[in-house]
Amino acid sequence: MKLISLQYAFYAFLATMAILSAAYVAFSRKTVYAVLALVVTMLSLAGIFLLIQSPFAALIQVFVYAGAILVLFLYVIMLLNPRQTDVTIRSMVEHRGPMLVVAGVLTASFFFLTAKWLITVYGADEFQFKEFSLIEVASRLLSDYLLPFELTSILLLMAIIGAVLIAKRN
Amino acid sequence: MNEFLIYSLITIAKIGVVFGLVIGSVPVVVLAERKLLGWMQVRPGPNRVGPWGLLQTLVDAAKVFFKENIIPDGVEPLTYRLAPILVITPVLISASVIPFGPPVTIAGREITLAIADFDLSLLFFFAVATLSVYGIVLAGWSSNNKWSLMGGLRSSAQMFSYEITLSLSIVGILLTSGTFRLTAIAAQQAGGFWHWNMFLQPLGFVLFLLAAIAEVNRTPFDLPEAESELTGGFHTEYSGMRFVMFYMSEYSSVFVMSSVIATLFLGGYNPPFPYTFGTSWFDGAIGLFWLLAKIGALVFFFIWLRGTLPRLRYDELMMLGWKILLPLAFLNLIVTAILVALNWPGWVLGLTGVAALIVTDLVVSQILWRRRRAAG
């Protein structure tokens, strides 16, 4: 088997997992299971990042999202008395038609975009593994992408200030 | 045989050895803990089974293997069964990046004594190791027991509070060594104990040690399973094999965390005196011996803490994590970055770290003393 087709097989598996688990997050009645499904989504996305040869983004995805942010989600859900947060999603069932259309469009665009990306990384049929360089990631982040990087930090600072304000008011 | 097959066979062999080492360390560490705690509390510890009580953990293991696996009424069946697996798997996977010795040459083939050796292996360790919190939280939630739930809640809050300090305190090492690769970080500390990162990053070492103890839920940070408050904490409702998996994951994570501390700060497999490793299997064994000796010392330190310190209160835990350790980790990062950018020698870094430690100690003890006096 050619390596490139192995890449596509992995990709198809990971993309399907990501979409199925994301759908489960939206439709599950138990909030804790929804968070667990979101963990699966994050891990699948990390796998796709690995496939398009950005291991740093993949590991940060696992470390930050699965390792920290979703633990926080789980904490908040449990703090709000877990057996009562299970929701009955009547409104979602009522609007099943439009929801399915939206979900279908999103799924198709996700597949299309990531597959296109995969092709640009690997070329049409040739498999090559690029040498990873952390220095390149860092220098790109602080030169080409400096503006988004700094804007993100301002956004985070605003969030911190807001959190402190809310805490002070109480 | 082609190259791919040989590579796979070597990797499978390495996985077997490391798995055996990590799992095999559990009965040893458990027995050491019971014996040492016994001596620290002026009692003999286990001394009935076998000479000197040495077979006690084996007998315990045999007993617990044959115990009934009870699933209580009212638990969430799927996550209740899944939780012990989710706790122990990340621990075992994260052991795969630890270099157990220098690279050796066997039959003309260079073999790295780590299962996986790649750039970013340190990041991989942290990314995987943090995932074990899900098992603990799920165990607490699915047990349908208030104490278990409290244990799971405490565990998640504690994990993500101390994770930030844990990961920030190693950025100093990343700055001085310039790599995420654990084998390279270990190799850089060769040539005597004064080359160890512990002396280059004293503040980072202390912060990492404290955060690591919190991360593996050991005393004085063992709030998720505080016996006197929560019966057994998150694993109260577990019995038999499922309980053993929690138990094994706790002690194997102590082993794995100790080996990472040893690799990052205590020179890894390098002996404390200058020694140039050759590539024979014997040099690999020497490296393994020194790494195991350092792990043993760290495990002893963990047990010693358990025998000495009382458990922190929950608000004290949060205060220590967010108001003391985290700002110190930021300070360490900024000062290290400036000194590395200015290209100053290593001993300046070390002295700055020691000074910061002393100042922190004085300031914190002053504050605590004033507060206690104000409270009367």
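1. Some words on the overall build of chain B
Each helix and strand in chain B was counted, giving 15 helices and two strands. A compact globule built from 376 residues would reach a C-alpha radius of gyration of about 21 Å, and chain B, at 22 Å, matches this within 12%. Projected onto its principal axes, the C-alpha positions of chain B cover 70 × 60 × 40 Å. For chain B, the residues scored as buried account for 51% of the 376 residues in total.

2. Observations regarding the nonpolar core
Leu122(B), Phe126(B), Tyr134(B), Phe208(B), Ile261(B) and Leu264(B) are the most contacted members of the largest nonpolar core, which totals 115 residues. Grouped together as the second largest cluster of nonpolar side chains are five residues, Tyr11(A), Leu14(A), Ala15(A) and Leu51(A) included.

3. Observations regarding the pattern of salt bridges
All names here are of chain B. Taken as a whole, this structure holds six salt bridges over all chains when the rule is applied. One salt bridge in this structure joins Arg34 and Asp60, with 3.0 Å as the shortest N-O distance. Placement of Arg34 in helix α1 (residues 3–40) and of Asp60 in helix α2 (residues 56–65) is noted, with a sequence separation of 26 residues between them. Between Asp117 and Arg181 there is a salt bridge, with its nearest N and O atoms 3.1 Å apart. Of this pair, Asp117 sits in the loop between β2 (109–111) and α4 (121–129) while Arg181 sits in the loop between α7 (171–177) and α8 (182–188), and the two are 64 residues apart along the sequence.

4. Here's the deal with the interface of chain B and chain A
Each side of the interface is counted separately: chain B has 27 residues, and chain A has 25 residues. Between chain B and chain A, the buried area comes to about 2500 Å², and carbon and sulfur atoms account for 77% of it. Its largest share of buried area at the contact with chain A, chain B owes to Tyr134(B), Trp141(B) and Phe160(B), together 27% of the area lost on that side. The interface formed by chain B and chain A contains zero salt bridges. For the side of chain B that touches chain A, the elements supplying multiple residues, two or more each, are α3 (77–94), α4, α5 (133–142) and α6 (146–169) of chain B. Classifying every residue of the side of chain B that touches chain A gives 18 nonpolar, six polar and three charged.

5. Re the packing of aromatic side chains
The final tally for this structure, using the stated rule, is 16 aromatic pairs over all chains. An angle of 55° between the planes, with centres 5.8 Å apart, marks the rings of Trp39(B) and Trp52(B) as tilted. Linking Trp39(B) in helix α1 with Trp52(B) in the loop between α1 and α2, this pair joins segments that are 13 residues apart in sequence. Ring centres 5.3 Å apart and planes at 55° place the aromatic pair Phe205(B) and Phe265(B) in the tilted group. A residue pair is termed long-range when its members are at least 10 positions apart, and Phe205(B) in helix α10 (residues 202–215) and Phe265(B) in helix α12 (residues 240–265) qualify at 60 residues. With respect to burial, Phe205(B) and Phe265(B) carry one shared label: buried. Grouped by ring-pair contacts, the aromatic residues Phe63(A), Phe125(B), Phe126(B), Phe205(B), Phe208(B) and Phe265(B) constitute a single cluster.

6. Looking at unusual backbone geometry
All names here are of chain B. The phi torsion at Val42 lies on the positive side, around 55°, for a residue other than glycine. In this structure, Val42 sits in the loop between α1 and α2. With phi around 70°, Leu120 is a residue other than glycine that occupies positive phi space. Summarising the element assignment, Leu120 is placed in the loop between β2 and α4.

7. Re a nonpolar patch on the surface
There is a patch of nonpolar side chains on the surface, built from Val64(A), Tyr65(A), Ile69(A), Leu72(A), Phe73(A), Val76(A), Leu79(A) and Leu80(A) and spanning about 670 Å² of accessible area. Along the polypeptide, Val76(A) turns up in helix α3 (residues 55–79).

8. Notes on the side chain of Ser169(B)
Within the fold, Ser169(B) resides in helix α6. Apart from the residues lying within four places of it in its own chain, the contact partners of Ser169(B) are Gly204(B), Leu207(B), Phe208(B) and Asn332(B).

9. A word on the packing of α3(B) against α12(B)
Residue and element names in this part refer to chain B. Here α3 crosses α12 at 20°, and the two axes come no closer than 9 Å. Here α3 lies roughly parallel to α12, going by the angle between them. As α3 packs across α12, the resulting crossing turns out to be left-handed. Contacts between α3 and α12 pair Tyr80, Arg81, Ala83, Pro84, Ile85, Val87, Ile88, Val91 and Ser94 from the former with Arg242, Met245, Phe246, Met248, Ser249, Ser252, Ser253 and Val256 from the latter. Across the contact of α3 with α12, the residue classes break down as eleven nonpolar, four polar and two charged.

10. Notes on the confidence of the model for chain B
Any region with low pLDDT has predicted coordinates that should not be read closely. The predicted model of chain B has a mean per-residue pLDDT of 83, with 98% of residues at 70 or higher. The ipTM for the predicted assembly is 0.78, set against a pTM of 0.84.

11. Digging into the side chain of Glu163(B)
Tracing the chain through its elements places Glu163(B) in helix α6. The buried category is assigned to Glu163(B), whose relative accessible area is 5%. Setting aside chain neighbours within four positions, we find Glu163(B) in contact with Phe63(A), Gly67(A), Ala68(A), Thr130(B) and Glu215(B).

12. Description of the packing of α10(B) against helix α14 (residues 314–342) of chain B
Residue and element names in this part refer to chain B. Closest axis-to-axis distance for the α10/α14 pair is 10 Å, and the angle between their directions is 145°. Every pair of crossing elements has a handedness; the one defined by α10 and α14 is left-handed. The segment α10 lies against α14, with Leu203, Gly204, Leu207 and Leu210 engaging Leu325, Leu328, Ala329 and Asn332. The class makeup of the residues in the contact of α10 with α14 is six nonpolar, two polar and no charged.

13. Looking at α14(B)
Residues and elements named next belong to chain B. Taking 1.5 Å per residue as the helical rise, α14 with its 29 residues ought to reach 42 Å, and the 41 Å between its terminal C-alpha atoms agrees with that figure. Considering bend angle alone, the principal kink of α14 is centred on Leu325 and spans about 35°; proline Pro327 follows within four residues of it. Here α14 has its buried residues at Leu317, Met318, Gly321, Ile324, Leu325, Leu326, Leu328, Ala329, Asn332, Thr336 and Leu339. Contacts made by the buried residues of α14 are with α6, α7, α10 and α15 (346–375).

14. A look at α3(B)
An ideal rise of 1.5 Å per residue puts 26 Å on 18 residues; α3(B) measures up with 27 Å between its terminal C-alpha atoms. Bending of α3(B) peaks at approximately 30° at the position of Ala83(B), with proline Pro84(B) no more than four residues after it. For α3(B), the elements touching its buried residues are α2 (31–51) of chain A together with α4, α5 and α12 of chain B.

The rules we used
- Residues numbered from 1 in each chain as written.
- Chains lettered and ligands numbered in written order.
- Predicted model: local features only at pLDDT ≥ 70, side-chain atom pairs only at ≥ 80, totals over all residues.
- Heavy atoms only, no water.
- Helix = DSSP H or I, 4+ residues; strand = E, 2+ residues; numbered from the N terminus.
- Rg over C-alpha atoms; globule rule 2.2 N^0.38 Å.
- Buried < 20%, exposed > 50% of the residue type's maximum accessible area, 1.4 Å probe, protein only.
- Core = buried A, V, L, I, M, F, W, Y, C linked by side-chain atoms within 4.5 Å.
- Salt bridge = Lys/Arg side-chain N within 4 Å of Asp/Glu carboxyl O.
- Contact = heavy atoms within 4.5 Å.
- Buried area = accessible area lost by both parts, 1.4 Å probe.
- Nonpolar A, V, L, I, M, F, W, Y, C, P; charged D, E, K, R; others polar.
- Phe/Tyr/Trp six-rings, centres within 6.5 Å; stacked < 30°, edge-to-face > 60°.
- Patch = residues over 30% accessible without salt bridge, like charges linked within 9 Å, V, L, I, M, F, W, Y side chains within 5 Å.
- Areas by Shrake-Rupley, 256 points an atom, 1.4 Å probe, with all protein chains shown as cover.
- Axes fitted to C-alpha atoms, helices over the stretch in contact; angles between N-to-C directions.
- Parallel < 35°, antiparallel > 145°, perpendicular 65-115°, else oblique.
- Left-handed = near helix turned anticlockwise from the far one by under 90°.
- pLDDT = per-residue confidence, 0-100.
- Expected span 1.5 Å × (residues − 1).
- Bend = angle between axes of the 7 residues up to and from the residue.

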